[in-house]
Amino acid sequence: MRTKVICAGLALGVAMTATGANAQSGELTIWSWNIAASSLESVIEGFNAQYPDVSVTVEDLGNQQVFDRLLAGCAAGGSGLPDIVSIENHEAEIFWAQFPDCFVDLKTLGYTDEIASGFPDFKRTELEVGDAAYAMPWDSGPVVMFYRRDFYENAGVDPASISTWDDFIAAGQAVMEANPGVVMAQADLNGDTEWFRMLANEQGCGYFAQDGSAITVAQPGCVAALEKVGEMVNGGLITAADWNEKIQSNNAGTVASQLYGGWYEGTIRSTAPEDQNGLWGVYVMPSMTEDGPHAANLGGSSLAITSASDNPEAAWAYVNYTLGTNEGQVTMLREYGLVPSLLSALDDPYVNEPLPFWGDQAVWVDILGTLENVVPSRGTPFFGDADGVMRSVQTQYLNGGYESAQAALEDAANQIALVTGLPIAN
């Protein structure tokens, strides 16, 4: 698989050199947010080495602003939209369902099946509708456990011994006992369903079936996920913390582990105080059983070209360089920890480098090594509706409002069915 992708990448590189930066010129504007916006800026120098006559401007609008302004712009027939826009995968189908004419089918610009095959299926499932591809996969969020080496060592806990979530619970009890004032992990229990979705995806379950035709949130894999989250919360191993509170806890040394998508590597590394260099490490997420899966995805985005663009060919040249080449993807990985979805990036020398901040662990080998094992999880146009229901149900469940996780998720499924009109899978 990787050999074929590398050969395709080399052929693409030769073609780009041969046609050169053949005459692409003009100005491009991109909407994005936060570290993603900074990452897009970081590749401009390399892009301009091949396309010197294309000027690229990245506007950091913030995540919600990009979503809201893109919806408004598409509703207004493309008015005020940029050439290129960042779209989160789980929200992508909201746009394709309502405004497919707002975006260029990338296959009309050169996004071939061969290029597309260089990305894992789970990253493409929400971006392609029938024969059209409305966006190109960007970063992904292969889930791993980020942990404090010193806290684990104080408790005599070897991360390599943590295979199951029960192992994690036992390790957490030891870690918290050996490190007073330190909690094993944190989750945004009041504002997000992150832990539930990560554990459910690991078990091959999500809100909807992979073809988007039915509601599957009450299936066994999701039930096991909610039960395990509840067990860890009620056992005191996981406490509530939002995004900013987690960073504060990381920096204050009051949390031992954070379960997140691989993109969190850049967040920890860029915000941690200097005295934490070498104290952090990474290990694969535990599973429900000894022989269970150890891979999931949380988050990740794509780049789309709007139909409002006056220069779609130059926009495609930028998107294809940024996302379709190791050079573009690994630049963003190195600078800002944006996890590439491009499978050939696994073979880039940087991935195998030991990183001092992470105790000389080659963390990208462990993080990216799970990509091909992630089960696709379909967002559908109804993701926001389903997640809103699940946030409420999760809160009630954790507060003892249901007799079981099965009952909680059956209620969630019924509520989602009322909102979406979709049937509940048997």
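Each value, and the rule that gives it
- Residues numbered from 1 in each chain as written.
- Predicted model: local features only at pLDDT ≥ 70, side-chain atom pairs only at ≥ 80, totals over all residues.
- Heavy atoms only, no water.
- Disulfide = S-S within 2.5 Å.
- Helix = DSSP H or I, 4+ residues; strand = E, 2+ residues; numbered from the N terminus.
- Buried < 20%, exposed > 50% of the residue type's maximum accessible area, 1.4 Å probe, protein only.
- Phe/Tyr/Trp six-rings, centres within 6.5 Å; stacked < 30°, edge-to-face > 60°.
- Pairing = 2+ DSSP bridges.

Novice: I keep staring at the state of the cysteines and nothing clicks. Help me out?
Specialist: Put plainly, two cysteines are in a disulfide when a covalent bond ties their sulfur atoms together. Considering all chains together, one arrives at two disulfides under this definition. Across the disulfide from Cys74 sits Cys102; the S-S distance is 2.2 Å. On the sign convention where negative is left-handed, the bridge of Cys74 and Cys102, at about -85 degrees about the S-S bond, is left-handed. Residue Cys74 is located in helix H4 (residues 63–75), and its partner Cys102 is located in the loop between helix H5 (89–98) and helix H6 (113–116); the two are separated by 28 residues in the primary sequence. The buried category is assigned to Cys74, whose relative accessible area is 7%. Disulfide partner of Cys205: Cys222, at an S-S distance of 2.1 Å. Between Cys205 and Cys222 the disulfide shows an S-S torsion of about -105 degrees. By sign, it is left-handed. Residue Cys205 is located in the loop between helix H10 (194–202) and helix H11 (220–234), and its partner Cys222 is located in helix H11; the two are separated by 17 residues in the primary sequence. Assigned by exposure class, Cys205 and Cys222 land together as buried. If you count the bonded cysteines of the chain from the N-terminus, they pair up as 1-2, 3-4.

Novice: Before we go on, may I ask you to explain the packing of aromatic side chains in this structure?
Specialist: In this description, an aromatic ring pair is defined by two values, namely the gap between the centres and the angle between the planes. Scanning all chains against the criterion turns up 25 aromatic pairs. Ring geometry for Phe47 and Tyr318: centres 5.3 Å apart, planes at 80 degrees, overall edge-to-face. Of this pair, Phe47 sits in helix H3 (residues 44–50) while Tyr318 sits in helix H14 (residues 312–324), and the two are 271 residues apart along the sequence. Relative to Phe103, the ring of Phe95 has its centre 6.2 Å away and its plane inclined at 80 degrees; by these criteria the two rings are edge-to-face.

Novice: What exactly am I supposed to notice about unusual backbone geometry here?
Specialist: Trans peptide bonds make up most of the peptide bonds, and negative phi angles are found at most residues other than glycine. In the Ramachandran plot, Asn34 falls in the positive-phi region, its phi being about 50 degrees despite a non-glycine side chain. You will see that Thr380, though not glycine, has its phi angle at about 65 degrees, which is positive. If you trace the backbone, Thr380 turns up in the loop between helix H16 (363–368) and helix H17 (383–398). On the basis of relative accessible area, Thr380 is assigned to the buried category, the value being 3%.

Novice: Please explain the environment of Leu346 as it appears in this structure.
Specialist: By the secondary structure assignment, Leu346 is in the loop between helix H15 (326–336) and H16. By relative accessible area, Leu346 is classed as buried at 11%. Counting along the chain gives 59 residues from Leu346 to Ala405, while the straight-line C-alpha distance between them is 38 Å.

Novice: Before we go on, may I ask you to explain the pairing of strand E6 (residues 136–148) in this structure?
Specialist: A regular strand carries its side chains on alternate faces of the sheet. With 13 of its 13 residues buried, E6 lies for the most part within the structure. Bridging between E6 and strand E11 (residues 297–305) involves four bridges; their strand directions are antiparallel. Looking at E11, one finds that Pro142 is bridged to Asn297. By the bridge criterion, five bridges tie E6 to strand E10 (residues 280–284) in an arrangement that is antiparallel. What sits directly across from Val144, in E10, is Val284.

Novice: I'm lost on the pairing of E11 in this one. Help?
Specialist: Of all nine residues making up E11, eight are buried, and the element is well covered by its neighbours. Pairing geometry for strand E3 (residues 84–88) and E11, over five bridges, is antiparallel. When the bridges of E11 are listed, Glu88 appears paired with Ser301.

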